[in-house]
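# Fold and geometry: a report
This is what each chain is made of:
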Amino acid sequence: MNATATQRRTYLLNMGPSHPAMHGVIRLLLELDGERVVKADAEIGYLHRAFEKQAEDDCWNNVIPYTDRLNYVSPLINNVGYCLAVEKLCGIETPERCQYLRVIASEISRVTDHLTCVGASAMELGAFTVFLYLMQAREVLYFCVDKLTGARITTSYTRIGGVKADLPEGFETMVHDAFRKVREAVRESDALLTRNRIFMDRMRGIGVLPRATALAYGVTGPLLRAAGVPYDLRRAQPYLVYDKLDFEVPVGSQGDNFDRYLVRLAEIEQGMRIVEQCLRDMPAGPVRSSDPRLLDAAEMADAGKRGETGRLSGSDADGDPTLEGTGERFKAGISAPAPDAVLPTKERAYGSIEGLMNHFELVMWGRGVTPPPGETYFAVEAGNGELGFHVVSDGSRRPYRVRVRPPCFFNMAALHTMLEGGTVADIIATFGSINMIAGELDR
Amino acid sequence: MSSVRETLRAELGAAVLSARGEGLDSVLVLDAGAVPGALARAQALGCNVLVDITCVDHLRWVPAGRGTPSHPDRMPRWELPKPPSRFKLVYRLMALDAGQGAVRERLALECWLEGDAGPASARSLWPNADWLEREVWDMFGVRFSDRPDIKRILMYEEFVGHPLRKDYPIGKRQPLLGVDDGAAPAALSDEELRPSPGGKRP
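The text that follows walks through the structure, step by step, so that each part is easy to find. For clarity, every value in this text was computed on a predicted model and none was experimentally measured. (Residues numbered from 1 in each chain as written. Chains lettered and ligands numbered in written order. Predicted model: local features only at pLDDT ≥ 70, side-chain atom pairs only at ≥ 80, totals over all residues. Heavy atoms only, no water.)

So, on to the overall build of chain A. The helix and strand inventory of chain A stands at 20 helices and 10 strands. Here the C-alpha radius of gyration of chain A, 24 Å, is about what a compact globule of 443 residues would show, namely 22 Å. Along the three orthogonal principal directions, the C-alpha set of chain A runs to about 105 × 45 × 35 Å. Buried residues in chain A amount to 61% of all 443 residues. For chain A, contacts bridging at least 24 residues in sequence account for 67% of all contacts bridging at least 6. Across chain A, the mean location of the 50 positive side-chain charges is 2 Å away from that of the 58 negative side-chain charges. (Helix = DSSP H or I, 4+ residues; strand = E, 2+ residues; numbered from the N terminus. Rg over C-alpha atoms; globule rule 2.2 N^0.38 Å. Buried < 20%, exposed > 50% of the residue type's maximum accessible area, 1.4 Å probe, protein only. Contact = heavy atoms within 4.5 Å. Lys, Arg positive; Asp, Glu negative; His and termini not counted. Charge placed at Lys NZ, Arg CZ, Asp CG, Glu CD.)

Given below as structure tokens:
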């Protein structure tokens, strides 16, 4: 039999959604020529939970818990972004201490976000030790988040017009200890990876996203900065108190996987610097009241429940500023004085009829904040870039529309340009370096 | 150098129906027919980033401030302007100084659509418009005139309806998909497609 001429054909390969590196939520349709990727098509939507539809069916305050589930490795930034958008619509300005608290919360989240990304993408390349080091570092930060908000991931820390609670006792020491451990872990990971021949070969010059392509695809965040554009919303359009803080915006030059890794590593350090400055500079909460009629917060709430409201009028709760009980005196520092938008303290809700009615008017089904009719867009710098909320109000108790501009969506739209021309093995490294978070991608 | 907003306003003339907002919140409301031209012009004037494309369905936008069955909690405090039509499309653009990372300008272009007929695609200007338009089609059923075979993005192909339309009930069930043997999936009765009792709160 005569030998037939070999025919060169491309073939189709499905990668995911049940591939370990695709996190169970992404499907890549690959057209391959041997090991070479000719065409890559990403299919998304596997984690769609109808966030935007659900938001239209709930009152403004009740949307906050859903925002935790957008980017679930940095939930606090989503909380802050949503509340800032609604506050912009309502024209509410929060007190300075509250703004510092929100910055602290956001930056701790940014650090956990980057630790997760660097750790997970290193693990997918086989560097399991680094993953363990960085997850351990993330864990100590999650302890801080837990202490601050009462939960590790489902934080729901912000409120429209304020935050849930002031800093708990001993938080500063806890954060400084945690940062020492994070710096140690980052130093060790840096020593294991940054000049590691194998790691460099898999990261340098791979998954290149040049500046022009990044801009054309609306890519923001570490991916855009790695491509050499120092666009950071904290600098470009400062919100909260970012204009008072000293931090650097690290940029790369090539826009490859290695630059993204270096940018994220540098941003971990910058995030920690910001938190340290905030803890140092933030204005103190309201000073201890000299009112002689200072009642213990728990006693005050109990007295209110028993109906002994006569004792309570004019007296103030001597509360702990945390989740155990937000004392009325602390509230002035962490919430805006907007009685029709901001939840009263528990002592006020239990202790006076006005407080109780105020509370019910804000939390009952069919009740809540009523921003004036109109629409607005507000964006914050999230772990992955510009996280925008486009909120529309028709003056009713429920949002008319909440649109999230998820930074991941744009990164994923540009993914195929980074993969095409590379090999199948590079997909793992590149996909890891864009930090796809399906919660915000699919909403 | 005058802003993109002012240049567009001067060039488009009567196609700019109204303008609102200041600075980074600038919005121009355009005639739907003028949108593709305006987008191309905005890009030429320096809007290098397409930040977002989204849509708002005004079906339940009740102009007079009173309660309706769909909005029992309406506050009688506000008088809303009557929407010109049902769907409003929003293009959010940004002029970014790539060297400094500074935002030169942000501009939103809005247009009201006739029915569900959208303008031509912006894919040739910004490649990310591809996915954004797919999402607007998927969620709102807005057709982009030169994309007749547009694909859904978040929902699956067999999904019936467009979930972010205001007349899509939040608790609505979808037909169950059987084995794909080439036959059309069995149609569910109207009874089965009604919102589930647990899906809606009182």
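Residue and element names in this part refer to chain A. Assignment of secondary structure puts V103 in helix 4 (residues 96-124). On the basis of relative accessibility, which here comes to 0%, the residue V103 falls in the buried class. If near-sequence neighbours (up to four positions away) are discounted, V103 is found in contact with L240, V241, Y242, L245, I274 and C278.

What follows covers helix 12 (residues 297-306) of chain A. Residues and elements named next belong to chain A. Along helix 12, the positions that sit buried rather than exposed are A297, M300, A301, A303 and G304. Looking down the long axis of helix 12, one finds its buried residues gathered within 160° of arc, a one-sided arrangement. In helix 12, the exposed positions angled more than 90 degrees off the buried face are occupied by K305 and R306. Positive phi shows up at G307, right after helix 12, with a value of about 90°. (Arc of directions from axis to C-beta.)

All names here are of chain A. A grouping of I353, L356, M357, F360, V363 and M364 is seen on the molecular surface, where their side chains present a nonpolar patch of about 530 Å² in accessible area. Along the chain, M364 turns up in the loop between helix 16 (353-363) and strand 8 (374-382). Among the residues examined, M364 registers a relative accessible area of 39% and is labelled partly exposed. (Patch = residues over 30% accessible without salt bridge, like charges linked within 9 Å, V, L, I, M, F, W, Y side chains within 5 Å. Areas by Shrake-Rupley, 256 points an atom, 1.4 Å probe, with all protein chains shown as cover. Salt bridge = Lys/Arg side-chain N within 4 Å of Asp/Glu carboxyl O.)

Residues and elements named next belong to chain B. Looking only at helix 1 (residues 4-12), the buried set comprises V4, R5, T7 and L8. Seen along its axis, helix 1 keeps its buried residues to an arc of 165°; they face one direction. In this fold, the buried residues of helix 1 make contact with strand 1 (16-20), strand 2 (27-30), helix 2 (35-44) and strand 5 (102-112). Just downstream of helix 1 lies G13, where phi reads positive at about 55°.

This part covers the packing of aromatic side chains. Aromatic rings in a pair are described by how distant their centres are and how their planes are angled relative to each other. All names here are of chain A. In this structure the tally under the stated criterion is 13 aromatic pairs over all chains. Pairing Y239 with F378 gives two aromatic rings, centres 6.1 Å apart and planes at 85°, and the pair type is edge-to-face. Pair noted here: Y239 is in the loop between helix 10 (233-236) and helix 11 (257-281) and F378 is in strand 8, with a separation of 139 residues, a long-range link. Note on accessibility: Y239 and F378 belong to one class, buried. An angle of 35° between the planes, with centres 5.8 Å apart, marks the rings of F258 and Y261 as tilted. With F258 and Y261 both in helix 11, this residue pair falls 3 residues apart, about one helical turn. Judged by relative accessible area, which is 9%, F258 ranks as buried. (Phe/Tyr/Trp six-rings, centres within 6.5 Å; stacked < 30°, edge-to-face > 60°.)

In this section: the packing of helix 4 of chain A against helix 5 (residues 128-149) of chain A. Residues and elements named next belong to chain A. Two numbers describe how helix 4 lies on helix 5: the axes approach to 8 Å, and their chain directions differ by 160°. Classified by the angle between their axes, helix 4 and helix 5 sit roughly antiparallel to one another. Judged by the sense of rotation from one axis to the other, the crossing of helix 4 with helix 5 is left-handed. For the pair helix 4 and helix 5, contact is made by A105, I108, V111, T112, L115, T116, V118, G119, A120, A122 and M123 and by F128, V130, F131, L134, M135, A137, R138, L141, Y142, V145 and L148, respectively. (Axes fitted to C-alpha atoms, helices over the stretch in contact; angles between N-to-C directions. Parallel < 35°, antiparallel > 145°, perpendicular 65-115°, else oblique. Left-handed = near helix turned anticlockwise from the far one by under 90°.)

Residue position: L141 of chain A is located in helix 5. Not counting chain neighbours up to four residues away, the residues in contact with L141 of chain A comprise I108, V111, T112, L115, A178, F179 and V182 of chain A.

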